[in-house]
Amino acid sequence: MPKLTLRLHKLLIAASLIVPAGLFTAAALHNRAETLREGQDAIIRTTAVMDEHAQKVFETGELALGRLDDRIHHLSWDEISAPETSAFLAQLKAPLEQVVSIWVADAQGVVRAGSQNWDPRVTIEGRDFFQAQRERDVGTYISAPFRGKATQIASFAVSRRRSTSDGHFDGIIHIALSPDYFTQYYATTILEPGQIATLLRADGLVIARTSPHDINVPLPTRDRFKRRIEQAPQGGFFVSDAGEGGKEQAYAYRAVGTYPLYVVFSADMAALLNRWYANLISFGAVAGVASLMLLLMSWMALRGVKSTAMAMTRLTATMNELQRETAQREAAEQRVRQAQKMEAVGQLTGGIAHDFNNLLTVILASLSLLRKRVPAGDERALRLVDNAVQGAERGASLTQRLLAFSRGQALKPGVVDIPELVRGMADLLRSSSGPVVQVETRFPLALAPAYVDANQLELALLNLVVNARDAMPEGGQLTISGREEQVSVRQVSDLPPGDYVVLSVIDNGEGMDEATLARCLDPFFTTKGVGKGTGLGLSMVYGLAAQTGGRLVLHSHKAEGTTAELWLPRAEARPAIVLQPDGGPSEARAAL
């Protein structure tokens, strides 16, 4: 065997081992760094979400205390002890699921008013949030977790001091918040094992945590955490080996506004690297295949030009197949990621709408308080406040449409007489459709009631009427009718078998072509000009129908008009049919 050929053989063997090993090492190190960076970014983003949630909760509590303070500021203790004050507190607490109770106590710790019944013999004099305010005015004080004496529910208090005109201690007002509310929210935030979410005071005392039994105890890493706070009091990220069993943990923390509180999110470093370990298998397989291919090439080089050519042909085919399989796998992974992303869009839309709705509640309440404090006769200030209220109310309307699209709205379905509902909306429908559109209703006299949320149905009907009006700019005929339908087991339908009431809105306007009809239910899709539509009207109607157990069916042809049918479950058995003098059933018609 020639020396040149032998030397080439040795070089090829060495290269077949060294090159794949080097590429594998470089790819593995780069992927590990990328995996850790993505994990750190995810931890920091989660901490930011926790911070925004906590700020909203405590700002809502502060607003409630402010409203309470405004109400009782000039009242005597006899007036505060009146039942009207407790009724006000119960009404104030009712819409706030994070609030356990609201209380007013005098300088001896005796409860004078509360959002629920209590034993007047029991005092809160021994509570830390009472003692702290009695010693001096500490502003807004956040207590350690405790079990309420009246509620018997795990709570922690946010308190304010009440003082006499000469500055002496005159009791406190406080609101009790639920640690379980934070725990449940964190449980929806934590997506993987080894991750822990915590709300704690600046002194290291745990207020709420993913594991409820860990509250009211200091964190094991409090000393290290305190040093981190001193270095970066607003927030930061660090890695520590102080986890259970000496496991390495990644921590991110942020200060909650101006409160003496921090949100902390931690993840097991080993869990963060799980995806990297899975990638190592893929990298190793690729490197092994590449090394095997190179070894095969070195062996085939000894067989001469012809054998080498044949081997290269087979190698090329093998590499092409490997590339096709890799491309197919990447395409499959992309489809899975896309499906997960679209599912997350619906969940995120509902979550954002809920949070934004809570924020609008705070804004509207604050504007209401501000309006009461505007001096009488200051018309300009009143107009500014009213404009802000209208803007907030329009934002609330938009959140309701987003919730309808994501099917995240809380419906209150009941038995609804559709003809009666339409008659009650006659003036609104007439003004919404405009003077050039003639509106007519056609309902059987014995139409069965539907099982649906009446308020949401009114909004859906109004959306359909407005869409019909916009499709008839030169005027036309708009017909609102109803009928009953039955879906049997034998029918091929996306509706379950049963009885339904169909509410139809028919116009003879411009109609839609096939492309527009195919996309008209997509959220934010609209054919109207800029500023004339949000693209959520039909999406909201579709969401209401689907969440109620029905469906929205659209029939339309260009220049022939559109028919929108809202199928709703029938609420009860058909009532007796009213007969006309000729003995046949009749149909009621009316022009709005």
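These numbers come from a predicted model, not from an experiment.

The rules behind these values
- Residues numbered from 1 in each chain as written.
- Predicted model: local features only at pLDDT ≥ 70, side-chain atom pairs only at ≥ 80, totals over all residues.
- Heavy atoms only, no water.
- Buried < 20%, exposed > 50% of the residue type's maximum accessible area, 1.4 Å probe, protein only.
- Helix = DSSP H or I, 4+ residues; strand = E, 2+ residues; numbered from the N terminus.
- Pairing = 2+ DSSP bridges.
- Phe/Tyr/Trp six-rings, centres within 6.5 Å; stacked < 30°, edge-to-face > 60°.
- Lys NZ or Arg CZ within 6 Å of the ring centre and 35° of its normal.
- Axes fitted to C-alpha atoms, helices over the stretch in contact; angles between N-to-C directions.
- Parallel < 35°, antiparallel > 145°, perpendicular 65-115°, else oblique.
- Left-handed = near helix turned anticlockwise from the far one by under 90°.
- Contact = heavy atoms within 4.5 Å.
- Nonpolar A, V, L, I, M, F, W, Y, C, P; charged D, E, K, R; others polar.

Participant: So what exactly am I meant to see when it comes to the pairing of strand 7 (residues 195-201) here?
Facilitator: Across a regular strand the side chains alternate sides, sitting on one face of the sheet and then on the other. The buried fraction of strand 7 amounts to six of the seven residues, a majority that puts the element mostly inside the structure. Alignment of strand 7 against strand 11 (residues 261-268), held across seven bridges, turns out to be antiparallel. From the neighbouring strand, Thr 198 faces strand 11, where its bridge partner is Val 264. In this structure, strand 7 lies alongside strand 8 (residues 206-209), joined through three bridges in antiparallel fashion. Bridged to Leu 199 within strand 8 is Ala 208. Between the antiparallel neighbours strand 7 and strand 8 lie four residues, among them Gly 204 with a positive phi of about 95°.

Participant: Which parts of the structure should I look at to understand the packing of aromatic side chains?
Facilitator: Given two aromatic rings, one states the distance between the centres and the angle between the planes to describe the pair. Counted according to the given criterion, the structure contains 14 aromatic pairs. The ring of Phe 88 carries the charged tip of Arg 71 above its face, separated from the ring centre by 4.4 Å. Positioned above the aromatic ring of Trp 77 is the side chain of Arg 162, whose terminal nitrogen or guanidinium carbon lies 5.1 Å from the ring centre.

Participant: For this particular structure, what's the right way to read the packing of helix 12 (residues 426-433) against helix 13 (residues 454-470)?
Facilitator: A pair of packed helices is captured by two measures, namely the crossing angle of their axes and the spacing between those axes. Across the interface, helix 12 lies against helix 13 with an axial gap of 9 Å and an inter-helix angle of 25°. Here helix 13 runs roughly parallel to helix 12, going by the angle between their axes. Relative to helix 13, the crossing made by helix 12 is right-handed. Here Leu 428, Leu 429, Ser 432 and Ser 433 of helix 12 lie close against helix 13, whose contacting residues are Leu 461, Leu 462, Val 465, Val 466 and Arg 469. Here the contact of helix 12 with helix 13 is composed, by residue class, of six nonpolar, two polar and one charged.

Participant: Explain the pairing of strand 10 (residues 249-255) to me, please; I cannot follow it from the model alone.
Facilitator: Counting buried positions along strand 10 gives six out of seven residues, so the element sits mostly inside the fold. Both strand 9 (residues 235-240) and strand 10 contribute to a ladder of six bridges, which runs antiparallel. By the bridge assignment for strand 10, Ser 240 is matched with Gln 249. Across seven bridges, strand 10 lies against strand 11 in antiparallel orientation. Across the sheet, residue Gln 249 finds its bridge partner in strand 11, namely Asp 268.

Structural measurements only, silent on function.
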